[in-house]
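If you want the building blocks of each chain, they are given just below.
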Amino acid sequence: MNNLPYAIAEQFATPVLAIAPLGNGLINDTFWVKTESMQFVLQRINSTVFPKPLNIMDNLLQLNQHQEQNPNRPVKLKIPALLKTLAHNDFYLDEHNDCWRALEFIENTESLEMLANVDQAQQVGLALGHFHSLLSDLDSSLLHDTLPGFHVAPEYIKSYQRVLTTTFVQSDPDSLYCAEFIAGYKHLAVDLETAKARGLLALRVIHGDPKLNNFLFDKDSKKIISLIDLDTIKPGLVHYDIGDCLRSCCHKQGSNEFDLELCAVILESYLSEASTFFSAYDYDYLYTAIQLLPFELGLRFYTDFLEGNQYFKVTDPKQNLNRALAQFKLCESIIDQELAIKTLIKQLRR
Ligand code: GN1
Ligand code: MG
């Protein structure tokens, strides 16, 4: 109870009746707060990862403005509103100079850790496609890059190689498996960035972290009504988002296999919303993205494990190693199903 940020929550609304940790994010600290008149979400932005929290706020404003400029367009997703402090500021800086902000709590919704059926999978595809298509005419250069290098896979390879110059890969089988997997597949890291540099893939506005539990399902209608965790909205490739969404939604826990059926449902519904802006090249690089994102996340987890777990929160020192292992196994399952995934993409192109 003493560790809960009552005094900080009361910068936004008072009196605070209850606070509880919310979600399982690996970067920011998130809390649910209840006051007499409302509920809201309180977040401490991790300033090591996001050294310029004001840029995040600016991006959210751009998003709102874009929406206001197109008031007639149907919008099926809510963006949680920012709440001001009692002193009318957009955020609160505590004595450690940590940035806290408060967001609207979207009532009667739930987030999922695992898809239970194809209807939910269809909702995810529709929501991500809708999100991309709503933002497809927003000039991405108007947005700050809140996290430079995020999803730029060759940079993660460089960081890994830098860490290897000062750290030993431990000789346990799990660590060796990770090191060998990276050595064997590091060529996967370059394809999307090369296509971006050649102008084949356009920079667009991306979410950056559209994993399953960032989609909020309405408890009654079972439809997705909001996409949260907007810190990494920035210019990027929609392929990062598609690959990240699929690696999170189609990951069979336990076996670490890639669920091709769910992938088919998500991609089909995604494309039904995204077809307005999706180009032939965008299709060409879909498989590359599906294969890359679990590899990239495994690489990020493993590098952090070797560095002593400085980036992703852990509750035990081997957690990032185990997370890496699960991502590499998932990537392996994707590679095993390459032909089937490519056949699926070919069918969806028609
Ligand atoms: C981080 O903190 P969270 O869980 O929202 C990470 C994502 C990873 C995810 C893996 C800014 O997101 O890229 O996919 O962990 N976010 C950042 O669970 O690095
Ligand atoms: Mg996130």
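Residues numbered from 1 in each chain as written. Chains lettered and ligands numbered in written order. Predicted model: local features only at pLDDT ≥ 70, side-chain atom pairs only at ≥ 80, totals over all residues. Heavy atoms only, no water.

### Details of the overall build of the chain
A count of helices and strands for the chain gives 12 helices and 13 strands. Against the compact-globule benchmark of 20 Å for 350 residues, the chain has a radius of gyration of 20 Å, which places it among compact chains. For the chain, the spread of C-alpha atoms along the principal axes amounts to about 55 × 50 × 40 Å. Taken across its 350 residues, the chain has 52% of its residues classed as buried. About 16,500 Å² of surface is accessible on the chain, with carbon and sulfur atoms providing 52% of the total. (Helix = DSSP H or I, 4+ residues; strand = E, 2+ residues; numbered from the N terminus. Rg over C-alpha atoms; globule rule 2.2 N^0.38 Å. Buried < 20%, exposed > 50% of the residue type's maximum accessible area, 1.4 Å probe, protein only. Areas by Shrake-Rupley, 256 points an atom, 1.4 Å probe, with all protein chains shown as cover.)

### Considerations on the site of ligand 1
Looking at ligand 1, there are 14 residues lining it, with Leu 26, Asp 209, Asp 229, Arg 300 and Tyr 311 nearest. Between an oxygen atom of ligand 1 and a side-chain N or O atom of Lys 211, the distance comes to 3.1 Å. At 3.0 Å from an oxygen atom of ligand 1 is found a side-chain nitrogen or oxygen belonging to Asp 229. About the coverage of ligand 1: the protein hides 90% of its 440 Å² of free accessible area. Looking at the shell around ligand 1, its residues break down into 8 nonpolar, 1 polar and 5 charged. (Near = heavy atom within 4 Å. Polar contact = N/O pair within 3.5 Å; in protein donor to acceptor, adjacent residues only side chain to side chain. Nonpolar A, V, L, I, M, F, W, Y, C, P; charged D, E, K, R; others polar.)

### Overview of the coordination of the magnesium ion (ligand 2)
Around a metal, the idealised angle for a tetrahedral arrangement of four donor atoms is 109.5 degrees; for an octahedral arrangement of six donor atoms it is 90 or 180 degrees. Distances from the magnesium ion (ligand 2) to its protein donors, Asp 209 (OD) and Asp 229 (OD), fall at 1.9 Å. In this pair, Asp 209 is assigned in the loop between strand S8 (204–206) and strand S9 (215–218) and Asp 229 in the loop between strand S10 (224–227) and strand S11 (234–236), connecting sequence segments 20 residues apart. (Donors = N, O, S within 2.8 Å, 3.2 Å for Na, K, Ca; no water.)

### So, the domain arrangement of the chain
What the domain assignment reports for the chain is domain 1 (4–106) and domain 2 (118–349). For domain 1 versus domain 2, the separation of C-alpha centres amounts to 25 Å. Interface area, domain 1 with domain 2, both sides summed: about 2,600 Å², of which 61% is carbon and sulfur. Three residues, Leu 26, Asn 59 and Leu 77, lead the burial of domain 1 against domain 2; their summed loss comes to 25% of the area buried on that side. Between domain 1 and domain 2 we count 4 salt bridges in total. Between Lys 313 and Asp 29 there is a salt bridge; the shortest N-O distance is 2.7 Å. Here the element with the most residues in the side of domain 1 that touches domain 2 is helix H2 (residues 53–69); it accounts for 8 residues. In terms of residue class, the side of domain 1 that touches domain 2 is built from 13 nonpolar, 7 polar and 6 charged. (Domains from an automatic or database assignment. Buried area = accessible area lost by both parts, 1.4 Å probe. Salt bridge = Lys/Arg side-chain N within 4 Å of Asp/Glu carboxyl O.)

### Here we look at the pattern of salt bridges
Applying the stated criterion across every chain yields a total of 14 salt bridges. With a closest N to O distance of 3.4 Å, Glu 155 and Lys 158 form a salt bridge. Here the residue Glu 155 and the residue Lys 158 both occupy positions in helix H4 (residues 153–164), the gap between them amounting to 3 residues, near one helical turn. Judged by its relative accessible area of 45%, Lys 158 is partly exposed. Across the pair Glu 193 and Lys 196 runs a salt bridge, and its minimum N-O distance is 2.7 Å. With Glu 193 and Lys 196 both in helix H6 (residues 191–197) and 3 residues apart, this pair spans about one turn of that helix.

### So, the side chain of Arg 300
Mapped onto the fold, Arg 300 is located in helix H10 (residues 286–306). Despite being buried, Arg 300 has no salt bridge partner; Glu 296 is the closest side chain of opposite charge, sitting 4.4 Å away. With sequence-adjacent residues up to four places away left out, Arg 300 is seen in contact with Phe 150, Tyr 156, Tyr 311 and Phe 312. (Lys, Arg positive; Asp, Glu negative; His and termini not counted. Contact = heavy atoms within 4.5 Å.)

### Digging into helix H11 (residues 319–336)
With 18 residues, H11 ought to run about 26 Å at 1.5 Å a step, and its terminal C-alpha atoms sit 26 Å apart, in line with that. Of all 18 residues in H11, 13 are buried; the element is thus mostly enclosed. (Expected span 1.5 Å × (residues − 1).)

### Concerning the environment of Val 16
As for its position among the elements, Val 16 is in strand S1 (residues 16–21). In this structure, Val 16 is in contact with Tyr 6, Ala 9, Glu 10, Val 33, Lys 34 and Thr 35, ignoring residues within four places of it in sequence.

### Comments concerning the packing of helix H3 (residues 118–135) against helix H8 (residues 260–274)
Running from N to C, H3 and H8 point in directions that differ by 35°, and their axes come no closer than 7 Å. By crossing handedness, the relation of H3 to H8 is classed as right-handed. Here H3 contributes Val 118, Ala 121, Gln 122, Gly 125, Leu 126, Leu 128, Gly 129, His 130, His 132 and Ser 133 to the contact with H8, which in turn contributes Leu 262, Val 265, Ile 266, Ser 269, Tyr 270, Ser 272, Glu 273 and Ala 274. (Axes fitted to C-alpha atoms, helices over the stretch in contact; angles between N-to-C directions. Left-handed = near helix turned anticlockwise from the far one by under 90°.)

### Details of the packing of helix H5 (residues 173–185) against H11
Running from N to C, H5 and H11 cross one another at 45°; their axes reach a closest spacing of 10 Å. Here H11 runs oblique to H5, going by the angle between their axes. Crossing hand, H5 versus H11: left-handed. Contacts between H5 and H11 involve Asp 174, Ser 175, Tyr 177, Cys 178, Phe 181, Ile 182 and Tyr 185 from the first element and Leu 321, Asn 322, Ala 324, Leu 325, Phe 328, Lys 329, Cys 331, Glu 332 and Ile 335 from the second. When the residues that make up the contact of H5 with H11 are grouped by side-chain class, the tally is 11 nonpolar, 2 polar and 3 charged. (Parallel < 35°, antiparallel > 145°, perpendicular 65-115°, else oblique.)

### Regarding the nonpolar core
Counting 94 residues, the largest nonpolar core has Leu 267, Phe 278, Phe 295 and Tyr 302 as the members making the most contacts within it. Examining the composition of this core, we find that 13 residues originate from one element, H10, more than from any other. Shared between two domains, this core takes at least three residues from each, and those domains are domain 1 (4–106) and domain 2 (118–349). If sequence neighbours within four positions are ignored, Phe 278 has contacts with Val 238, Ile 242, Tyr 270, Leu 271, Tyr 283 and Leu 286. In this structure, Leu 4, Val 16, Phe 31 and Trp 100 belong to the second largest nonpolar core, which totals 13 residues. (Core = buried A, V, L, I, M, F, W, Y, C linked by side-chain atoms within 4.5 Å.)

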